[in-house]
2 protein chains.
Amino acid sequence: MITPALLAEFSTFLGKENVFTDPADRVTYSYDAAVLAPVIPALVLRPTSGEALGKAVRLCNENRIPLTVRGAGTNLSGGTIPKENGAVLLTNGLNRILEINEADMFAVVQPGVITAGLAAAVEKKGLFYPPDPGSQSVSTLGGNVAENAGGLRGLKYGVTRDYVMGIQFFDVNGELIKTGSKTVKCATGYNLAGLLVGSEGTLGVFNEITLKLIPPPAHRKAMMAVFDDINKASETVAAIIANRIIPATLEFLDSFTIRAVEDYSHAGLPVNAAAMLLIEVDGHPAQVEEDAHKVETLCRTLGASSIRVAQDDAERDRVWSARRSALSALAKLKPTVILEDATVPRSKIPDMVRAIQEISSEYGLPIGTFGHAGDGNLHPTILTDRRNRQEWVRVEKAIEAIFDRALALGGTLSGEHGTGIAKSCYLEKETSPATIIYSKRIKSALDPHNILNPGKIIG
Amino acid sequence: MITPALLAEFSTFLGKENVFTDPADRVTYSYDAAVLAPVIPALVLRPTSGEALGKAVRLCNENRIPLTVRGAGTNLSGGTIPKENGAVLLTNGLNRILEINEADMFAVVQPGVITAGLAAAVEKKGLFYPPDPGSQSVSTLGGNVAENAGGLRGLKYGVTRDYVMGIQFFDVNGELIKTGSKTVKCATGYNLAGLLVGSEGTLGVFNEITLKLIPPPAHRKAMMAVFDDINKASETVAAIIANRIIPATLEFLDSFTIRAVEDYSHAGLPVNAAAMLLIEVDGHPAQVEEDAHKVETLCRTLGASSIRVAQDDAERDRVWSARRSALSALAKLKPTVILEDATVPRSKIPDMVRAIQEISSEYGLPIGTFGHAGDGNLHPTILTDRRNRQEWVRVEKAIEAIFDRALALGGTLSGEHGTGIAKSCYLEKETSPATIIYSKRIKSALDPHNILNPGKIIG
């Protein structure tokens, strides 16, 4: 129960100005980017120091207040939807880059640091933080780690998990847990950092995160390949990988998405194309030339109707920024937009693209498909209106059909958006009842009163 | 209690020939490569199918028989030393490569597959499995994953953890748990695979492991740089990294190790050198030429007395195989050899090399230092005789001093050998009491009767 006395206790260490109970404040943090019913929390907390963060966690646990930590709320699986008797804990008061170590190539950050902010800060020092989720300009690193965020560069550079060297976090009792290291190798103790990555705030609350940095690629080349047949485009994706070329990015957009993006961004995309690929290769200049040549040849051989190499950084940035606007562009077309991220082994991309087209016709729903085809991670995006109940039934069936096809192709429910609330009911399809029981044992042992973001991942 | 009835039950599904109780068999599996007292198990089991493996785990749990899974027993921290009332479970009957998927670049293996065997099998198909622990010619992939094994290529290519895409394992009840995926991105459910990597057989028993493969580097160049001053060599290591060159391997050997290795291998190493570096750069030929040139210049600038580029694969292989024999070479010199792997951020390598020299003089003990300097992972190797009790007291103090210095430099107790029994008592130095309690909560929840390799990691 949230009593005035308890609010006063939170205020003693958070400051009165960082404890919010006004309806307007609470409504603001009732939803995230997933298509799910909002839940208005009872309380919003905003710690501005690690010490206050730990105390807030402990006090929530002692008073059995469900606690949902929220970065920018950009996640797409309902991971930051709170409980109505619960608290939302904002990390935007914990937004300092604590260290950028150039000699040993790592950064230490508080959880509320904006992803693109870190990327820019390390770039100034001649270093590179590769993970680039679509929401990077607003998303936080704490959120990225909690969701194991992916992005456009996953194919060559991996995802957030691959850059987490260590995490300091508070357990549910407010005790500080240290895991990982500032060394590139660490085999000391359990890999708790590995467990915490992608745990969606259910096992602990991040205080400091140590992230690996790498030298930036010396050179890069971006290309746009246009196809008059969607299957030719998806087969080209599989062929590039099969030829052992690993582009930094290899993005796919179907005609529906191309037109929506062009309407939105006016970047000069080929609106009459059936599909297009955006490809960027990077590395040593000689490697880049060779890879670019091979990619171009493959595109032509497999039937691209045109290929354009970006002439300068401005052209490249214009095209990439158009691609990054895909979700916003599609979201303008209909009241409800559902962005899925079922992922398949890369060679199955042609099958998955065909499956999505079939599902679109079968359920009579417009589905725009784009995404990180190079790593098998497509984003079929269903355009609908949740208020249309009849259509919504078809939408739910279509989502399940997408999951079923992805799993049948050896894939996974989520490549990068996480399980959250949205996919927890499908988890058993991919794993096994015993896997969920095993996961619940961990959760119960670490959070016996089920305070830490209850209901996420394992329901 | 291990009764004749229970042995008969194990025999029903393992086959009588795979249940061992003879003293000779039991003694064989009483020790590993760590300098620790052997413990003779009561029973040795050898399943030859996944089904039998799951049943064996369940039966051990039901009968409260401590179970230590053993690959090749090459680990250096006592992770495979069993309990005297316990069973050792051998994985050498589970040694099949189940799939090498060329299109999607992954392999699925049983836990008993030999590391070098997989590496050779994927090489034949034009692919590359980079992790190369020193014991790769005999070590198993199950053991590598359980210990999060490192190796010479950690600097550029990472360690075993970076190649584990998914694990199917049995929980203590013999139920099959599925985690991870065959896709390059997976954010479904908890990252149980991440938790299981490096958990030293304490949280589950591996049935199948899915490992990431990558395209092999197109070209490589190996060099040997010789120094007449150990500090010059260690400063060159730090300078190479600071100049943003990431060699595939960057190995350090001090004079003591060079002489021992040369006596053992007759590979033509410079026996009068104070230290040497073995450096290999790989990648696109143009990149290799550039990096090799930069490395050579740095070596000369920082005082290398000579640099030799391997003229062909035979010369390269001779030198690397000499390096790989370092532990065996040192082990010939004294009855007891203790190989540590405390690891520091890479810029601290010069400090750590000096610290080890000081500790060697302070405690009057010969310490040969070699290892993966490029990733901060040195192997100070203490030569002693455990029967000399007076000296052993100094050895224990020297080990503790090495750990303390590594931690003071921002490092970790273990870069790649794991915690096991040998380092569990030091774990609190690096982490915190709360971290150990958190770890114990996980262990108790997943293994309530403490059957799975008891006593490892968290004591």
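Residues numbered from 1 in each chain as written. Chains lettered and ligands numbered in written order. Predicted model: local features only at pLDDT ≥ 70, side-chain atom pairs only at ≥ 80, totals over all residues. Heavy atoms only, no water.

Asker: Explain the pairing of strand S11 (residues 249–254) of chain A to me, and be specific about the residues and the numbers.
Answerer: Within a regular beta strand, the side chains point alternately toward one face of the sheet and then the other, so they alternate between its two faces. Residue and element names in this part refer to chain A. With respect to burial, S11 is a largely interior element, six of its six residues being buried. Residue alternation in S11 divides its side chains into two sets, Thr249, Glu251 and Leu253 and Leu250, Phe252 and Asp254, and both sets are buried. With six bridges joining them, S11 and strand S12 (residues 275–283) adopt antiparallel strand pairing. If you follow Asp254 over to S12, its bridge partner there is Ala275. (Buried < 20%, exposed > 50% of the residue type's maximum accessible area, 1.4 Å probe, protein only. Helix = DSSP H or I, 4+ residues; strand = E, 2+ residues; numbered from the N terminus. Pairing = 2+ DSSP bridges.)

Asker: I'd like a description of the sheet that holds strand S5 (residues 97–101) of chain B, backed by residues and values.
Answerer: Backbone hydrogen bonds hold the strands of a sheet together, and the pairing may be parallel or antiparallel. Residues and elements named next belong to chain B. Reading across from one edge, S5-S6-S9-S7-S8 is the order of the five strands in this open sheet, with antiparallel pairing throughout. Unpaired on one side and paired on the other, S5 and strand S8 (176–180) mark the two borders of the sheet. If you compare each strand with its neighbour and ignore which way they point, the axes differ by 10 degrees on average. Examined bridge by bridge, strand S7 (residues 164–170) and S8 share five bridges and lie antiparallel to one another. (Axes fitted to C-alpha atoms, helices over the stretch in contact; angles between N-to-C directions.)

Asker: Describe the packing of aromatic side chains, naming the residues involved and giving the relevant values.
Answerer: Counted under the stated rule, the structure contains ten aromatic pairs over all chains. When the ring of Phe169(A) is compared with that of Tyr438(B), the centres are 5.1 Å apart and the planes differ by 75 degrees; the resulting orientation is edge-to-face. Here the residue Phe169(A) occupies a position in strand S7 (residues 164–170), and Tyr438(B) occupies one in helix H16 (residues 433–446), the pair thus bridging two chains. Phe169(A) gets classed as buried once you look at its relative accessible area, which sits at 0%. (Phe/Tyr/Trp six-rings, centres within 6.5 Å; stacked < 30°, edge-to-face > 60°.)

Asker: Could you give an account of the relation of the copies chain A and chain B, naming the residues involved and the relevant values?
Answerer: Of the transformation placing chain A onto chain B, the axial shift is 0.0 Å and the rotation is 180 degrees, giving an RMSD of 0.0 Å. Each copy turns onto its partner about a two-fold axis. Here 100% of the interface residues in chain A have copies in chain B that are interface residues too; the copies meet face to matching face. (Least-squares fit on C-alpha atoms with pLDDT ≥ 70 in both. Contact = heavy atoms within 4.5 Å.)

Asker: Which residues make up the pattern of salt bridges, and what values do they have?
Answerer: Residue and element names in this part refer to chain A. Evaluated as defined, the whole model comprises 54 salt bridges over all chains. One salt bridge in this structure joins Arg153 and Asp132, with 3.8 Å as the shortest N-O distance. On the criterion of sequence distance, the pair formed by Arg153 in the loop between helix H5 (141–147) and helix H6 (154–157) and Asp132 in the loop between helix H4 (115–124) and H5 is long-range, its members being 21 residues apart. The class for Asp132 is buried, based on a relative accessible area of 1%. Salt bridges here are not isolated pairs; linked through shared partners, they connect Asp132, Arg153 and Arg324. (Salt bridge = Lys/Arg side-chain N within 4 Å of Asp/Glu carboxyl O.)

Asker: So what's going on with the confidence of the model for chain A? Residues and values would help.
Answerer: Do not read the predicted coordinates in detail wherever pLDDT is low. Residues with a pLDDT of 70 or more make up 100% of chain A, whose mean pLDDT is 96. Under the prediction, the complex receives an ipTM of 0.96, its pTM being 0.97. (pLDDT = per-residue confidence, 0-100.)

Asker: Which residues make up the domain arrangement of chain A, and what values do they have?
Answerer: Residue and element names in this part refer to chain A. Domain annotation for chain A reports domain 1 (4–90), domain 2 (97–212) and domain 3 (219–408). Placing a centre on the C-alpha atoms of domain 1 and another on those of domain 3 gives a separation of 37 Å. Listed by partner, the interface residues are four residues for domain 1 and seven residues for domain 3. For the pair domain 1 and domain 3, the summed buried area comes to about 320 Å², and 72% of that belongs to carbon and sulfur atoms. (Domains from an automatic or database assignment. Buried area = accessible area lost by both parts, 1.4 Å probe.)

Asker: Summarise H16(B); cite the residues concerned and give the values.
Answerer: Counted at 1.5 Å a residue, the expected span for H16(B) with its 14 residues is 20 Å, and the 20 Å between its end C-alpha atoms agrees. Within H16(B), burial applies to Ala434(B), Thr435(B), Ile436(B), Tyr438(B), Ser439(B), Ile442(B), Lys443(B), Ala445(B) and Leu446(B). (Expected span 1.5 Å × (residues − 1).)

Asker: Can you tell me about the interface of chain A and chain B, naming the residues and giving the values?
Answerer: Facing the 83 residues of chain A at the interface are 83 residues of chain B. At the junction of chain A with chain B, the criterion picks out six salt bridges. Here Lys185(A) makes a salt bridge to Glu416(B), at a shortest N to O gap of 2.9 Å. At the boundary of chain A and chain B, one finds 43 residue pairs in polar contact (both at pLDDT 80 or more). Taken together, the elements giving at least two residues each to the side of chain A that touches chain B come down to strand S8 (176–180), helix H7 (192–196), helix H10 (285–301), helix H15 (427–430) and helix H16 (433–446) of chain A. Among the elements that make up the side of chain A that touches chain B, the one with the highest residue count is H16(A) (nine residues). Within the side of chain A that touches chain B, the residues separate by chemical class into 31 nonpolar, 34 polar and 18 charged. (Polar contact = N/O pair within 3.5 Å; in protein donor to acceptor, adjacent residues only side chain to side chain. Nonpolar A, V, L, I, M, F, W, Y, C, P; charged D, E, K, R; others polar.)

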